[in-house]
Amino acid sequence: MIVRNSLQDADLPQDDPRVKQLNVKMKKEGYKPDALIEILHNAQNSYGYLPINVLRYIAKVLRLPPSRVFGTVSFYHFFSMKSKGEHTCLVCTGTACYVKGAQKLLDKVEEKFGLKQGQVTQDGKIGLQAARCIGACGLAPAVILDDEVQAKVSPEDLISKLTSKLETHEQG
Amino acid sequence: MMALVTIYIDGKKIIAGSEKTILEVARENNIEILTMCHLKGLTDVGACRLCMVELEGSPKLFSACTTKVADNMIVTTNSERIRRYQRITTELFFAERNHICAVCVSNGACELQDLGYKVGLDAIRYPHLFPQCEVDTSHPLYVMDQNRCISCSRCIRACAEVEGAYNWDMMNRGYQIRVISDFNTLWGESTTCTSCGKCVQACPTGALWAKSIVQGQQDKHPEFITDLMERRKMNL
Ligand code: SF4
Ligand code: SF4
Ligand code: FES
Ligand code: FES
């Protein structure tokens, strides 16, 4: 007999306003598994990202397999399990962008800011994410900088755009 | 009462039930279609693109495992184009992870290796990605080696649909896809796995194996999953 952990002990502090909000949302959705994405959105809105103990709690309450919850979170680029930076840089790594040098963009950002995809700079200013085909293959390689689509981006372009983001930041 | 349809596969006229897939009908008639993610008894998901066939009247290719037959359908399974695609698909399986057959538990008993022989693979024309992959040895009985995984999802479906445990799922997308246990946590720390071994039986490669098996001694029985599901339907 192999004794295992249980998800039953997954819990969150019930007096936390964010937990209350989450409970209300899950109840409103009737604890339906279909509402998982909605519920995750809600949680991310209040937490800024999706901490693992929040995911454990959601899996327990909705009685969903943990791997399904984690898989869903990792599938959509708008979910993050790390706290996001003040500026987000989303590099498309879909086939078209990959072929046109998306990896070079990621490498350059890593070289310049020591930032791997999914990470945030130590000062919390820039968060780097990678996406799978953002549906703008004609503009490959494409990057979304703070919700703005950037077309045919070169590594140099990207670095200068990110640097100017940081500068405006310092001024304002 | 199921409707019957007439279809033609590689010129052979066949009468078949309309609820069947092209793959089912082909196999019942001893026409070979290569598959990888299909495992009879599990829900078909059309993930591997190996079973692609041509349908007359369409320039597209269709996955035989997920496409239902229809009246007067004319199917081609063995054209030059299909063979080319099968070969590409197979090469990509090998290029995507680190398949070193000589040191694999499944050497000599591997569906991927068999597939390589079937399509006459002599070289891989694509650059190997050589990803860094984890090997999870934390489970007391089994090992999960991501190096040899082809993301067919048979383990996921066997665990969820047959055992009902749902330990596995996929995380990420594209070339970064990985099979995960629970919250991308160690298999040995799973809150869902019952250690039944069905995923190991379902896996076509050496990605999942039992610790009791030594190198080159793999002995998998995916048909065990098929039999289980057949018996389950019988209401014994
Ligand atoms: S051993 Fe059984 S329960 Fe555990 S992951 Fe495999 S199929 Fe699922
Ligand atoms: S571990 Fe095996 S069964 Fe599971 S997805 Fe990978 S190759 Fe397929
Ligand atoms: S692959 Fe980058 S936009 Fe489609
Ligand atoms: S066997 Fe049909 S897509 Fe994999």
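Here the structure is a predicted model, which means the values were calculated and not measured.

### Quick notes on the overall build of chain B
And step 1. Across its full length, chain B carries six helices and 10 strands.
And step 2. Averaging the coordinates of the 26 positive side-chain charges in chain B and doing the same for the 27 negative ones gives two points 2 Å apart.

### Details of the site of ligand 1
Residues and elements named next belong to chain B.
And step 1. Surrounding ligand 1, one finds 14 residues, the nearest of these being Cys159, Cys193, Cys196, Gly197 and Cys199.
And step 2. Elements that contribute at least two residues to the shell around ligand 1 include exactly α4 (154-163) and α5 (198-202).
And step 3. Of the residues in the shell around ligand 1, the class split is eight nonpolar, four polar and two charged.

### Digging into the domain arrangement of chain A
It is common to give the size of an interface as the accessible area lost on bringing the parts into contact.
And step 1. Domain boundaries assigned for chain A yield domain 1 (11-75) and domain 2 (87-171).
And step 2. If you average the C-alpha positions of domain 1 of chain A and of domain 2 of chain A, the two centres end up 29 Å apart.

### Topic: helix α3 (residues 111-118) of chain B
Residues and elements named next belong to chain B.
And step 1. When we look at burial in α3, the residues that qualify are Leu112, Gln113, Leu115 and Gly116. The arc that holds every buried residue of α3, seen down its axis, measures 160 degrees, which confines them to one face. For α3, exposure combined with an orientation more than 90 degrees from the buried face picks out Tyr117 and Lys118.
And step 2. Where α3 ends, the next residue or the one after it, Gly120, has phi of about 70 degrees, a positive value.

### Topic: the interface of chain A and chain B
And step 1. Across the boundary between the two partners, chain A contributes 24 residues, which contact 24 residues of chain B.
And step 2. In total, about 2,000 Å² of surface goes out of reach between chain A and chain B, with carbon and sulfur atoms giving 60% of it.
And step 3. At the junction of chain A and chain B, the tally comes to five residue pairs in polar contact (both at pLDDT 80 or more).
And step 4. Only α3 (52-62) and α4 (66-75) of chain A provide two or more residues apiece to the side of chain A that touches chain B.
And step 5. No other element matches α4 of chain A, which puts seven residues into the side of chain A that touches chain B.
And step 6. By residue class, the composition of the side of chain A that touches chain B is 11 nonpolar, nine polar and four charged.

### Let's talk about the sheet that holds strand β5 (residues 73-76) of chain B
Residue and element names in this part refer to chain B.
And step 1. Read from one edge of the open sheet, five strands run β2-β1-β5-β3-β4, paired in mixed fashion. The sheet terminates laterally at β2 (12-17) and β4 (61-63), the two strands that pair on one side only. Strand-to-strand twist across the sheet, computed as the mean angle between neighbouring axes with direction ignored, equals 40 degrees.
And step 2. Pairing geometry for strand β1 (residues 4-9) and β5, over three bridges, is parallel. Its bridge partner being in β5, Tyr8 is matched across the sheet by Ile74.
And step 3. Its contacts with the sheet place helix α2 (residues 80-96) against β3 (52-55), β4 and β5, and it is angled at close to 160 degrees to β3.

### What about the sheet that holds strand β6 (residues 135-136) of chain B?
Residues and elements named next belong to chain B.
And step 1. If you trace the three strands from one edge of the open sheet to the other, you get β6-β7-β10, paired in antiparallel fashion. Only two strands of the sheet have a single neighbouring strand rather than two, namely β6 and β10 (208-210).
And step 2. Across two bridges, the pairing between β6 and strand β7 (residues 142-145) is antiparallel. Within β7, the residue paired with Val135 across the bridge is Asp145.

### A word on the side chain of Arg97 of chain B
Residues and elements named next belong to chain B.
And step 1. In this structure, Arg97 sits in the loop between α2 and α3.
And step 2. Glu96 provides the closest opposite charge to the buried, unpaired Arg97, separated from it by 6.4 Å.
And step 3. A distance of 2.9 Å separates a polar side-chain atom of Arg97 from the backbone oxygen of Gln146.
And step 4. Polar contacts involving the side chain of Arg97 include one to the main-chain carbonyl oxygen of Ile177, which spans 2.7 Å.
And step 5. With residues near it in sequence (within four places) discarded, Arg97 still touches His128, Pro131, Cys133, Gln146, Asn147, Cys149, Ser151, Ile177 and Arg178.

### Concerning the packing of aromatic side chains
And step 1. Applying the stated criterion to the full structure yields seven aromatic pairs over all chains.
And step 2. Judged by centre distance (6.2 Å) and plane angle (90 degrees), the ring pair of Tyr76 of chain A and Phe79 of chain A falls under edge-to-face.
And step 3. According to the relative accessible area criterion, Phe79 of chain A is buried, its value standing at 5%.
And step 4. Grouped by ring-pair contacts, the aromatic residues Phe75, Tyr76, Phe78 and Phe79 of chain A constitute a single cluster.
And step 5. The ring of Phe75 of chain A carries Arg173 of chain B above its face, with NZ or CZ at 4.0 Å from the centroid.

### With respect to the packing of α2 of chain B against α3 of chain B
Residue and element names in this part refer to chain B.
And step 1. Between α2 and α3, whose axes approach to 10 Å, the crossing angle comes to 140 degrees. If you check the angle between α2 and α3, you find them oblique. Viewed along their axes, α2 and α3 form a crossing whose handedness is left-handed. The segment α2 lies against α3, with Thr90, Phe93 and Phe94 engaging Leu112, Leu115 and Gly116.
And step 2. Classifying every residue of the contact of α2 with α3 gives four nonpolar, two polar and no charged.

### Let's talk about the pattern of salt bridges
Residue and element names in this part refer to chain B.
And step 1. As enumerated under the stated definition, the model contains 14 salt bridges over all chains in all.
And step 2. A salt bridge links Lys198 to Glu163, with the shortest nitrogen-to-oxygen separation between them at 2.7 Å. Residue Lys198 is found in helix α5, and its partner Glu163 is found in helix α4; the two are separated by 35 residues along the sequence.
And step 3. Given a relative accessible area of 10%, Lys198 falls into the buried group.
And step 4. According to the relative accessible area criterion, Glu163 is partly exposed, its value standing at 26%.
And step 5. Linked by salt bridges that have partners in common, Arg87, Glu91, Asp122 and Arg125 make up one network.

The rules behind each value
Residues numbered from 1 in each chain as written. Chains lettered and ligands numbered in written order. Predicted model: local features only at pLDDT ≥ 70, side-chain atom pairs only at ≥ 80, totals over all residues. Heavy atoms only, no water. Helix = DSSP H or I, 4+ residues; strand = E, 2+ residues; numbered from the N terminus. Lys, Arg positive; Asp, Glu negative; His and termini not counted. Charge placed at Lys NZ, Arg CZ, Asp CG, Glu CD. Near = heavy atom within 4 Å. Nonpolar A, V, L, I, M, F, W, Y, C, P; charged D, E, K, R; others polar. Domains from an automatic or database assignment. Buried < 20%, exposed > 50% of the residue type's maximum accessible area, 1.4 Å probe, protein only. Arc of directions from axis to C-beta. Contact = heavy atoms within 4.5 Å. Buried area = accessible area lost by both parts, 1.4 Å probe. Polar contact = N/O pair within 3.5 Å; in protein donor to acceptor, adjacent residues only side chain to side chain. Pairing = 2+ DSSP bridges. Axes fitted to C-alpha atoms, helices over the stretch in contact; angles between N-to-C directions. Salt bridge = Lys/Arg side-chain N within 4 Å of Asp/Glu carboxyl O. Phe/Tyr/Trp six-rings, centres within 6.5 Å; stacked < 30°, edge-to-face > 60°. Lys NZ or Arg CZ within 6 Å of the ring centre and 35° of its normal. Parallel < 35°, antiparallel > 145°, perpendicular 65-115°, else oblique. Left-handed = near helix turned anticlockwise from the far one by under 90°.

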